[in-house]
Amino acid sequence: MARRYDPERCQRIIDAAIRVVGAKGLAGLSHRSVAAEADVPLGSTTYHFATLDELMTAALRQASEGFAKAVAAHGGLTDARVDLPTELAGLLGQWLAGDRTGVELEYELYLAALRRPALRPVAAEWAEDLAALLARRTDPRTARALVALMDGICLQVLLTDAPYDEEYTREVLARLLVPARPGAARR
């Protein structure tokens, strides 16, 4: 029997992995569970992703595009006339107000990098890409601090189930953007 040409199979496997993690958490992710979810033979998952780490890396890369894409597409972030803390606080609010499943999934995969070194470069890419976008409006060090602060706020909202406080976020982001005092070293 000839092989069936299926150019979308790899993408279906990644999408299935994201759905499995969303439904069952990382503990439920296996080649077998993903194959069943994607409705493909088990051998297809191992053909495209030899290890679970490879599959998780592909899923994390796709899942982490959400907020980064929203930031990149938002023209207000490159316009110096727009108040950066207000824009960022609003973007976080939009992101957290949407389907929480996607946000939780992204963070679950992101935090999996703590125990799975293969995921660390992808998790670092997300932070670096976002910092590079923000560095267009501030210096690189402050951009990294903004990313860390936004990350922390998102985690607190997700872990405590507290409502997102856009005004608080705007205020603390603005504190990071206060110009350096004369004579203070800035890199």
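Just so you know, the residues in each chain are numbered from 1, in the order the chain's sequence is written. Confidence filtering applies because this is a predicted model: local features only for residues at pLDDT of at least 70, side-chain atom pairs given and counted only at 80 or more, and all residues used for totals across whole chains, interfaces and linings. Hydrogens and water molecules were not included; the side-chain quantities draw on all heavy atoms of the structure.

(A) Up close: the packing of helix α1 (residues 9-24) against helix α4 (residues 52-63). Helix axes are fitted only over the stretch in contact, all axes being lines through C-alpha atoms; the angle between N-to-C directions runs from 0 to 180 degrees. Runs of E in the DSSP output that reach at least two residues are strands. Runs of H or I that reach at least four are helices, and both are numbered from the N terminus. Where α1 meets α4, the closest approach of the two axes is 9 Å, and the angle between their N-to-C directions is 80°. One finds that α1 runs roughly perpendicular with respect to α4. Contacts from Gln11, Ile13, Ile14, Asp15, Ala17 and Ile18 in α1 reach Leu55, Ala58, Ala59, Gln62 and Ala63 in α4. Split by residue class, the contact of α1 with α4 holds eight nonpolar, two polar and one charged. Roughly parallel refers to an angle under 35 degrees, roughly antiparallel to one over 145, roughly perpendicular to one between 65 and 115, and oblique to any angle outside these ranges. In what follows, a contact means two residues having at least one pair of non-hydrogen atoms within 4.5 Å. We call Asp, Glu, Lys and Arg charged. Ala, Val, Leu, Ile, Met, Phe, Trp, Tyr, Cys and Pro are nonpolar, and the rest, Gly among them, are polar.

(B) How the structure looks around the side chain of Ser44. Note on placement: Ser44 falls in helix α3 (residues 42-48). To sort residues, take the accessible area from a 1.4 Å probe on protein chains only and compare it with the maximum for the residue type: under 20% means buried, over 50% means exposed, and anything in between is partly exposed. Classification of Ser44 as buried rests on a relative accessible area of 9%. Every residue in contact with Ser44, bar those within four places of it in the chain, is listed here: Arg9 and Ile13.

(C) Summary view of the packing of aromatic side chains. To pair, rings of Phe, Tyr and Trp, with the six-membered ring standing in for Trp, must have centres within 6.5 Å; the planes then decide the type, stacked if under 30 degrees apart, edge-to-face if over 60, and tilted in the middle. Counted by the stated rule, this structure contains three aromatic pairs. Aromatic side chains Trp95 and Tyr107 sit 6.1 Å apart centroid to centroid with 55° between the ring planes, which places their arrangement in the tilted category. Here Trp95 is found in helix α6 (residues 84-97), whereas its partner Tyr107 is found in helix α7 (residues 100-112), with 12 residues between them in sequence. Each member of the pair, Trp95 as well as Tyr107, is classed as buried. With a centroid separation of 5.4 Å and 65° between ring planes, the pair formed by Tyr110 and Trp126 is classed as edge-to-face. A residue pair is termed long-range when its members are at least 10 positions apart, and Tyr110 in helix α7 and Trp126 in helix α8 (residues 120-134) qualify at 16 residues. Neither residue differs from the other here; Tyr110 and Trp126 are each classed as buried. Through pairs of rings, three or more aromatic residues link up here, namely Trp95, Tyr107, Tyr110 and Trp126.

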